[in-house]
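If you want the building blocks of each chain, they are given just below.
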Amino acid sequence: MKKYVYIIVIVVLLFSTYYYWQNRYVKLFPVVPNEILERPIFFSETFHNQLFKFAETNEVPKFYYKNIKYVLNRSGQEYIMRNGDIYIKYKYMHDMELLWNYTTRTTDPTWFKLKREMDSLNGDIKQQKELDSIIKKLKQYEDSQSKK
């Protein structure tokens, strides 16, 4: 009988450790496509993470840090702020495709326009003004980039 109790205790401890590990909060980093691969890509349909990498400081989109909180809020992603950094659950940091989606949304005026239209249908005037300012900044940035 003691043997079964030990097995149950070990299984519960292992499950608790795994649950804690997956649900702890870690710092959020932007993700960019991995353009240079030093190895062949195996099973790219299954293992999408090998197609992306965490961005270096010079690879981060210009408005990423300004717009990421808004994107996370609108996407329903849980996060916490500590010392000015954003932390998300560890289990989401392994989904590089999801993080790439969040990274591209921060600089996508089409996504913000869609959210603006949704807010106008819902009658949310407060967020409409915020979205208008974000869209205006993104358009100005795109116009300046297209002139170069």
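Higher on the page you've got the structure.
Residues numbered from 1 in each chain as written. Predicted model: local features only at pLDDT ≥ 70, side-chain atom pairs only at ≥ 80, totals over all residues. Heavy atoms only, no water.

(A) Looking closely at the pattern of salt bridges. For the coordinates displayed, the defined rule picks out four salt bridges. In this structure, glutamate 59 and lysine 53 form a salt bridge, with 3.2 Å as the shortest nitrogen-oxygen distance. Across the pair lysine 89 and glutamate 78 runs a salt bridge whose closest N-O atoms are separated by 3.5 Å. Taken together, the residues lysine 89 in strand E5 (residues 85–89) and glutamate 78 in the loop between helix H2 (64–75) and strand E4 (80–82) connect sequence positions eleven residues apart. Note on lysine 89: relative accessible area 15%, which makes it buried. What makes glutamate 78 partly exposed here is its relative accessible area of 44%. (Salt bridge = Lys/Arg side-chain N within 4 Å of Asp/Glu carboxyl O. Helix = DSSP H or I, 4+ residues; strand = E, 2+ residues; numbered from the N terminus. Buried < 20%, exposed > 50% of the residue type's maximum accessible area, 1.4 Å probe, protein only.)

(B) Region of interest: the packing of aromatic side chains. Under the defined criterion, the tally for this structure stands at five aromatic pairs. Taking 6.5 Å as the distance between ring centres and 25 degrees as the angle between the ring planes, the aromatic pair formed by phenylalanine 15 and tyrosine 19 counts as stacked. Here phenylalanine 15 pairs with tyrosine 19, and both are found in helix H1 (residues 2–23), just four residues apart, close to one helical turn. Note on accessibility: phenylalanine 15 and tyrosine 19 belong to one class, exposed. The interplanar angle of 80 degrees and the centroid separation of 5.1 Å between the aromatic rings of tryptophan 111 and phenylalanine 112 together place this pair among those described as edge-to-face. There is no split in this pair, since tryptophan 111 and phenylalanine 112 are both buried. The rings of Tyr70, Trp111 and Phe112 are connected pair by pair, giving a single aromatic cluster. One cation-aromatic arrangement involves arginine 24 over tryptophan 21; the distance from NZ or CZ to the ring centre is 3.7 Å. Sitting above the plane of the tyrosine 87 ring, arginine 82 keeps its charged end 5.1 Å from the centroid. (Phe/Tyr/Trp six-rings, centres within 6.5 Å; stacked < 30°, edge-to-face > 60°. Lys NZ or Arg CZ within 6 Å of the ring centre and 35° of its normal.)

Limitation: the analysis is restricted to geometry and does not speak to function.
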